[in-house]
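# Chains, contacts and geometry: an overview
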Amino acid sequence: MSNTTSYSLVLEIVRNSTRQTINGFGGAFTDAAGINIASLPLAAQENLLQSYYSTEGIQYTIGRIPMASCDFSTHPYSYDDTDGDLQLSQFTLAPEDIKYKIPYIQRALTLSQGKAALVFGSPWSAPAWMKTNKNMTGNGTLMVSQVVHTTILANYFVRFVQEYAKHNISLWGLTAQNEPTDGKIYKFPFQAMGWTPETQRDFIKLDLGPALHANGFQDIKLMILDDDRLFLPEWGPGVLSDPEAKKYISGVAVHWYLDTVIPLNVLDFTHDKFPDTFLFATEACCYDCSVSFIGL
């Protein structure tokens, strides 16, 4: 690029026209984040959390919680690794939740003076024994041929919400699955579980939505997709066109990867077709900055 090259940008602000509402900004309470925070002296930990969540800092208002392990964990684990535990009698939060997630979420909520209310959970995988490949990684799906597993997984979500509530953390939202397309990829390297729009639609309509409502969590914002906007043209109509599924769904979660290969107007297409369903950016990793910023 020439040193003499110049660019100009003109922004027009139309004050009397509201185009969208921004819920806020935030980050993820992963195992890796907690491990790094815990490695700091106590004063530095406090300073870090204040810089993000306090009124003296940038005042984050959103926090994402991986449901059990993810690619920012040191090892795969679920909340019930007991094979065949259909009643989830062995369900328990992991040591990582108790040590690396919950304390920092609680402190963030305190520092935000009640403003960081948008805490939501996302699962990377069901327990391995519920899946076709018997593994939390790789290409595998829920054993939907055995209908009992969709019911158990819905109850697994409910238990997660209930257990976090015991620690005074009320979830604002849930996504039905992190990156459901990953679980369709051969030998996918980290925790994943595959869904199609149709299987996620039916899971929400028949199991997850009714389970949340039956247990008093009808106000939780349930979101579909939680994957790249590349998949919006298929997933939006594929799930939201079913009125029985849609009555349980509040939003569509999107990630920023692959933004360079799909135009922004797929967001407009989804919004225009389903205007009462919000679009919510749930994940971005800085390793992909060089690609993703080009696509913004």
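Check the entry above for the structure.
The notes below deal with the structure included here. Keep in mind it's a predicted model, so treat the numbers as computed, not measured.

Glancing now at the environment of Val254. Position of Val254 relative to the elements: it lies in strand β6 (residues 251-255). Leaving out residues up to four positions away in the same chain, Val254 has contacts with Leu225, Asp227, Leu232, Phe280, Ala281, Thr282 and Glu283.

Below, the discussion takes up the nonpolar core. Formed by 61 residues in total, the largest nonpolar core has its most connected members in Tyr79, Leu153, Phe160, Tyr164 and Leu174. Those elements that provide at least two residues to this core are α2 (42-53), β2 (62-67), α3 (95-111), α4 (148-165), α5 (197-214), β5 (221-228), α6 (232-240) and β6. Beyond its immediate sequence surroundings of up to four residues, Phe160 is in contact with Ile65, Met67, Tyr79, Phe91, Gly121, Leu171 and Leu174. In terms of nonpolar packing, the next biggest core, distinct from the first, is built from seven residues, Ile62, Phe120, Trp172 and Phe280 among them.

Bridge count between β6 and strand β7 (residues 278-283): five bridges; the pairing is parallel. In the strand pairing of β7, Val252 is matched with Leu279. As for the winding sense of the linkage, the β-α-β connection from β6 through helix α8 (residues 265-273) to β7 is right-handed.

Close contact between helix α1 (residues 31-38) and α3 brings their axes to 9 Å; oriented N to C, the two are set at 80 degrees. Judged by the angle between their axes, α1 and α3 are roughly perpendicular. Two secondary-structure elements touch here, α1 through Asp31, Gly34, Ile35, Ile37 and Ala38 and α3 through Glu96, Tyr100, Lys101 and Tyr104. Its residues placed into classes, the contact of α1 with α3 shows five nonpolar, one polar and three charged.

The rules behind these values
Residues numbered from 1 in each chain as written. Predicted model: local features only at pLDDT ≥ 70, side-chain atom pairs only at ≥ 80, totals over all residues. Heavy atoms only, no water. Helix = DSSP H or I, 4+ residues; strand = E, 2+ residues; numbered from the N terminus. Contact = heavy atoms within 4.5 Å. Core = buried A, V, L, I, M, F, W, Y, C linked by side-chain atoms within 4.5 Å. Buried < 20%, exposed > 50% of the residue type's maximum accessible area, 1.4 Å probe, protein only. Pairing = 2+ DSSP bridges. Right-handed = clockwise from strand over helix to strand, strands pointing away. Axes fitted to C-alpha atoms, helices over the stretch in contact; angles between N-to-C directions. Parallel < 35°, antiparallel > 145°, perpendicular 65-115°, else oblique. Nonpolar A, V, L, I, M, F, W, Y, C, P; charged D, E, K, R; others polar.

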